[in-house]
Amino acid sequence: MASDRLAVSLPESLRAEQQGPVAILRLSRAQKRNALDDETVAGIDAFFGHLPDSTAAVVICGEGEHFSAGLDLSELEARDVREGIAHSGRWHRAFEKIQYGKVPVVAVLHGAVVGGGLELAAAAHVRVAERSAYYALPEGSRGIYVGGGGSVRLPRLIGVARMMDMMLTGRTYSAEEGLAIGLTTYLVDPGKGLAKGLELAQRIAANTAMTNFAVMHALPRIAEMAPEAGFAMEALMSSMAQADPEAKARLKDFLEKRGPKVTRS
Ligand code: 1HE
């Protein structure tokens, strides 16, 4: 059955809001620098697993001075190996629902985007960084290792060598440096991130659902395939997309001079 309201309740550390077709999820634990505790990760999983059908894009951002300080280190003390594996699995499942979920996700970043906070940002499809944002993987110096999918997603964004350097030496990258290495998709001035994120999310929401599906689910998988399989999958995906009545209507609009032209910006 179609629904247009979020059907799950969220922990206090998360706040959700709907603006037309765009849902906004705010990390709302500023007193702990939006550190991600078990409850918050479960809330992220529930949010992305129960998006209303009317939601066509999501913006995720953080309240306070930082996007996220990563894993809540206070929860680490009591965990043994078996619990650690289960914990990491819960992060994997929650962030999988972002990357391979229902709709594209725009992360709006500022301040610390570190450890698990960077792993969360890496699961999003577009990253808008305010100039205050900085990226780091402090796991190395804390004697731990990434557990939220960082080893899988970050090398695909920035390369194995850069991730090794970040973990071994504690190197941080600024929002601006992030542009060159593939962490920052858009760089904006302080305080302008949410507006830019919303603008982009509205634009994404205006695409056909089929195109957004293809970009989220087919593109990254095709990129990992052997070329022959990739070409075949691309041919199938493009033929399915163009057969969509909404695509036909948009092409007709352009040919009959009603559709938008591509402009410089
Ligand atoms: C926290 C956490 C946290 C802050 N877990 N409580 N992540 C890190 O190693 C980063 C740790 N955090 C920091 O380096 C700094 O807190 C920040 C640079 C992010 C922010 O600094 P600042 O000066 O604004 O805040 P603060 O005074 O350090 O922290 C404010 C409070 O938040 C304080 O608690 P309070 O009760 O004393 O007020 C801090 O203890 C608390 N806090 N960060 C728990 N991370 C799936 S595996 C992923 C592995 C990782 O993510 S490892 C990386 C962990």
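Note that the structure is predicted; figures quoted are calculated from it, not measured.

### As for the sheet that holds strand E7 (residues 134–136)
- Ordered by their spatial adjacency, three strands build an open sheet running E5-E7-E8, and the pairing between neighbours is mixed. Among the strands making up the open sheet, the edge pair consists of strand E5 (112–114) and strand E8 (173–174).
- Pairing geometry for E5 and E7, over three bridges, is parallel. Bridge pairing links Ala112 to Tyr134 in E7.

### A look at the site of the ligand
- What surrounds the ligand is a group of 23 residues, the closest being Lys32, Arg33, Ala69, Gly116 and Arg142.
- Residue Arg142 places a side-chain N or O atom 2.6 Å away from an oxygen atom belonging to the ligand.
- Here the ligand loses 65% of its free accessible area of 1000 Å² to cover by the protein chains.
- Listing elements by their share of the shell around the ligand, those giving two or more residues are E5, helix H3 (116–123) and helix H4 (139–142).
- For the shell around the ligand, a count of residues per class yields 10 nonpolar, seven polar and six charged.

### So, the pairing of strand E3 (residues 57–62)
- With respect to burial, E3 is a largely interior element, six of its six residues being buried.
- Because side chains alternate across E3, one face comprises the buried residues Ala57, Val59 and Cys61, and the other comprises Val58, Ile60 and Gly62, equally buried.
- Relative to E3, strand E2 (residues 22–27) runs parallel, the two being bridged by six bridges. Within the sheet, the bridge partner assigned to Arg26 lies in E3 and is Cys61.

### Here's the deal with the nonpolar core
- Ranked by internal contacts, the top residues of the largest apolar core, which has 43 residues, are Ile44, Phe48, Leu109, Leu120 and Tyr135.
- Take this core: its biggest share by element is five residues, from H3.
- With 15 residues, the next largest nonpolar core counts Val106, Val128, Leu200 and Ile204 among its residues.

Calculation rules
Residues numbered from 1 in each chain as written. Predicted model: local features only at pLDDT ≥ 70, side-chain atom pairs only at ≥ 80, totals over all residues. Heavy atoms only, no water. Pairing = 2+ DSSP bridges. Helix = DSSP H or I, 4+ residues; strand = E, 2+ residues; numbered from the N terminus. Near = heavy atom within 4 Å. Polar contact = N/O pair within 3.5 Å; in protein donor to acceptor, adjacent residues only side chain to side chain. Areas by Shrake-Rupley, 256 points an atom, 1.4 Å probe, with all protein chains shown as cover. Nonpolar A, V, L, I, M, F, W, Y, C, P; charged D, E, K, R; others polar. Buried < 20%, exposed > 50% of the residue type's maximum accessible area, 1.4 Å probe, protein only. Core = buried A, V, L, I, M, F, W, Y, C linked by side-chain atoms within 4.5 Å.

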